[in-house]
Amino acid sequence: MQPGLNLPGRMSLVPPSSFDSLGRLLNGITPHFAVNGAAVPMTVGEPQDPPPTFVTDILNRQARDYGRYPPIAGTVALRAAAAGWLKRRYELAEGAIDPETQILPLAGSREGLFYSLFALVPETKNGGRPVVLMPNPFYGVYPAAVLAAGAEPYYVPSLRETNFLPDFARVPKAVLERTVAAFYCSPSNPESAVATAAQWHALLRLADEFDFTVLADECYADIYDREPPVGALSLRPGCERLLSFHSLSKRSNLPGLRSGFMVGPPAVMASLRAFRNLAAPQMPVPTMDASVAAWSEDSHVEENRALYRKRFDIAERLLGNTKGFRRPQGGFYLWLDVGDGPAFAAELWRRSGVRAMPGAYMALPTDPANPGTNPAFPYVRIALVHDLVTINAALEWVAEILRDREA
Ligand SMILES: Cc1ncc(COP(=O)(O)O)c(C=O)c1O
């Protein structure tokens with residue numbers, strides 16, 4: 001088993017929250033607020049552009065519907081709007097997805113990422129404890145989900161040589177034989193890497209060979225630089241061994257709406273619907289009506305992407321010459337190789353009041369060949385979500401500190 005925290009029982013599997021670790025690093029440091037006279041939290045993946053008014057108008061108009069219990073599996077209109085977006089986004093054939101049997105609403109994609117494993121993890125697999133694969137670094141809910149489902153997490157580093165995504169084919173065969181599911185995130189957080197069709201194919205083939213389910217975390221699917229990222233559904237429209245998770249948080253600047261959905265094979269979705277019936281939160285009716293409007297409209301998302309491109313342009317102009325720079329392919333994070341992520345984040349905070357997240361706080365030292373080595377140690381994650389003037393000023397500090405450290 002790979003290492004986790006030194007806590008009792010199953011809690012030993014849960015790594016600390018990256019934000020708690022960052023607090024421990026920065027709390028004792030007095031910053032000089034050199035940007036806007038205030039702290040600039042570029043640690044949080046929260047879009048700062050306003051939500052579309054055609055969506056918030058619906059929430060305001062429908063307020064009386066908070067007086068009704070919502071249908072747990074969502075309204076027909078919501079499931080149809082989600083299926084309609086999937087069809088447009090992934091160019092699926094008419095009727096490829098049946099909204100009635102294959103789609104479930106989620107209070108944010110995080111909800112489904114947490115409890116889907118409950119429908120997928122048996123008591124044992126091939127005589128051993130079931131394993132769930134995940135990238136390292138990872139989104140914090142993945143290990144929590146594995147812990148809750150009673151499975152064993154297996155962390156696979158997302159390295160430069162594997163396009164900053166995990167290559168699960170490198171996992172030892174004995175582990176793959178016990179594998180029941182694999183989390184895979186594209187466009188990825190924190191690296192802003194996008195899986196190629198070949199990478200998706202390889203993963204889905206591995207899932208067929210070892211009989212596990214791919215949990216495709218695609219909540220950044222609509223935020224990209226040039227090409228729309230290939231989605232798991234384009235390659236597997238029938239959803240065999242695939243659950244895919246989507247969200248309005250990034251696409252429509254609605255992280256506080258808590259609206260997403262999952263799509264998967266009818267049999268798995270039937271058990272997840274039964275589970276949701278018993279245990280999960282419903283999505284309020286006004287949220288569903290607002291979500292129908294957001295999933296059905298694409299021009300606000302195009303405007304959103306154009307703004308992100310401007311942010312990426314600023315980053316490229318200011319940092320393009322530094323050795324660690326990569327322009328995000330999808331998602332909105334700069335994943336910058338600064339040599340020593342925690343030292344860099346501490347210096348950036350002290351000199352400018354800009355907060356960046358050290359990669360090491362989103363990853364675990366899990367490589368058996370290099371014990372104690374955290375694969376994300378050289379990196380910081382910087383969320384490019386603020387207005388252009390703030391981003392420009394903050395990244396000038398990033399560039400200056402990099403220059404000073406190289407000198
Ligand atoms: C990789 C990843 N997955 C899932 C989520 C959850 O998003 P939400 O629950 O808002 O849909 C996030 C949010 O930041 C994320 O970065």
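Student: Account for the overall build of the protein, naming residues and giving values.
Tutor: If you tally the helices and strands in the protein, you get 15 helices and twelve strands. In summary, the protein has a C-alpha radius of gyration of 21 Å against a globular reference of 22 Å for 407 residues, a match within 12%. Projecting the C-alpha coordinates of the protein onto the three principal axes gives extents of approximately 60 × 55 × 40 Å. Relative to its 407 residues, the protein shows a buried fraction of 58%. Of the contacts formed within the protein by residues at least 6 apart in sequence, a portion of 76% connects residues at least 24 apart. For the protein, the exposed surface amounts to about 16300 Å²; the carbon and sulfur share of it is 54%. Counting 39 positive and 41 negative side-chain charges, the protein places the averaged centre of each group 2 Å from the other.

Student: Give me the site of the ligand: which residues, what numbers.
Tutor: Taken together, 14 residues form the shell around the ligand, and within it D217, Y220, S247, S249 and R258 come nearest. Take N189: an N or O atom from its side chain is 2.8 Å from an oxygen atom of the ligand. Y220 places a side-chain nitrogen or oxygen 2.7 Å from an oxygen atom of the ligand. Across the complex, the protein chains shield 93% of the 400 Å² of accessible surface that the ligand would expose by itself. Among the detected pockets, the ligand sits in the largest pocket. Broken down by secondary-structure element, the contributors of at least two residues to the shell around the ligand are α5 (109-115) and α10 (248-251). With three residues, α5 is the single largest residue contributor to the shell around the ligand. Grouping the amino acids of the shell around the ligand by side-chain chemistry returns five nonpolar, five polar and four charged.

Student: Tell me about the domain arrangement of the protein, and name the residues and values.
Tutor: As assigned here, the protein comprises domain 1 (9-50 + 300-406) and domain 2 (67-297). For domain 1 versus domain 2, the separation of C-alpha centres amounts to 25 Å. The interface of domain 1 with domain 2 comprises 35 residues on the first partner and 37 residues on the second. Between domain 1 and domain 2, the buried area comes to about 3400 Å², and carbon and sulfur atoms account for 54% of it.

Student: Run through the packing of helix α14 (residues 341-352) against helix α15 (residues 388-406), naming residues and quoting values.
Tutor: Following both chains from N to C, one finds α14 and α15 inclined at 120°, their axes separated by 10 Å at the closest point. What the angle tells us is that α14 and α15 run oblique. Once α14 is placed against α15, the crossing between them reads as right-handed. Judged by residue contacts, A343, F344, E347, L348, R351 and S352 of α14 engage W397, V398, E400, I401, L402, D404 and R405 from α15.

Student: If you had to explain unusual backbone geometry to someone new, which residues and values would you point to?
Tutor: Put simply, S186 and P187 share a cis peptide bond, and its omega is -10°. Inspection of the secondary structure assignment puts P187 in the loop between β5 (179-185) and α8 (197-210). Omega for the peptide link from N189 to P190 comes to 15°, which places this bond in the cis form. Topologically, P190 is positioned in the loop between β5 and α8. In the Ramachandran plot, N163 falls in the positive-phi region, its phi being about 60° despite a non-glycine side chain. Following the sequence through the fold, N163 ends up in the loop between β4 (152-157) and α7 (173-176). For N163, a relative accessible area of 24% translates into the label partly exposed.

Student: Explain the packing of aromatic side chains to me, using residue names and the numbers behind them.
Tutor: The tally for this structure, following the rule as stated, stands at 20 aromatic pairs. On the numbers, 5.0 Å between centres and 50° between planes, the contact of Y115 with F275 is tilted. With a gap of 160 residues between them, Y115 in helix α5 and F275 in helix α11 (residues 266-279) connect regions that are remote in the sequence. Its relative accessible area of 4% is what places Y115 among the buried residues. Taken together, a centroid distance of 5.4 Å and an interplanar angle of 20° make the contact between Y308 and F332 stacked. Placement of the pair is Y308 in helix α13 (residues 299-319) and F332 in the loop between α13 and β9 (333-337), with a sequence separation of 24 residues. Given the relative accessible area of 0%, F332 is considered buried. Through successive ring pairs, a cluster of aromatic residues spans Y220, Y308, F312, F332 and Y333. Against the face of F164 rests R326, its NZ or CZ located 3.9 Å from the ring centre.

How each quantity is defined
- Residues numbered from 1 in each chain as written.
- Predicted model: local features only at pLDDT ≥ 70, side-chain atom pairs only at ≥ 80, totals over all residues.
- Heavy atoms only, no water.
- Helix = DSSP H or I, 4+ residues; strand = E, 2+ residues; numbered from the N terminus.
- Rg over C-alpha atoms; globule rule 2.2 N^0.38 Å.
- Buried < 20%, exposed > 50% of the residue type's maximum accessible area, 1.4 Å probe, protein only.
- Contact = heavy atoms within 4.5 Å.
- Areas by Shrake-Rupley, 256 points an atom, 1.4 Å probe, with all protein chains shown as cover.
- Lys, Arg positive; Asp, Glu negative; His and termini not counted.
- Charge placed at Lys NZ, Arg CZ, Asp CG, Glu CD.
- Near = heavy atom within 4 Å.
- Polar contact = N/O pair within 3.5 Å; in protein donor to acceptor, adjacent residues only side chain to side chain.
- 1 Å grid on protein atoms, 1.4 Å probe; cavity = no way out; pocket = protein on both sides within 12 Å on 5 of 7 lines; lining within 4 Å.
- Sits in = over half its atoms within 2 Å of the grid points.
- Nonpolar A, V, L, I, M, F, W, Y, C, P; charged D, E, K, R; others polar.
- Domains from an automatic or database assignment.
- Buried area = accessible area lost by both parts, 1.4 Å probe.
- Axes fitted to C-alpha atoms, helices over the stretch in contact; angles between N-to-C directions.
- Parallel < 35°, antiparallel > 145°, perpendicular 65-115°, else oblique.
- Left-handed = near helix turned anticlockwise from the far one by under 90°.
- Phe/Tyr/Trp six-rings, centres within 6.5 Å; stacked < 30°, edge-to-face > 60°.
- Lys NZ or Arg CZ within 6 Å of the ring centre and 35° of its normal.

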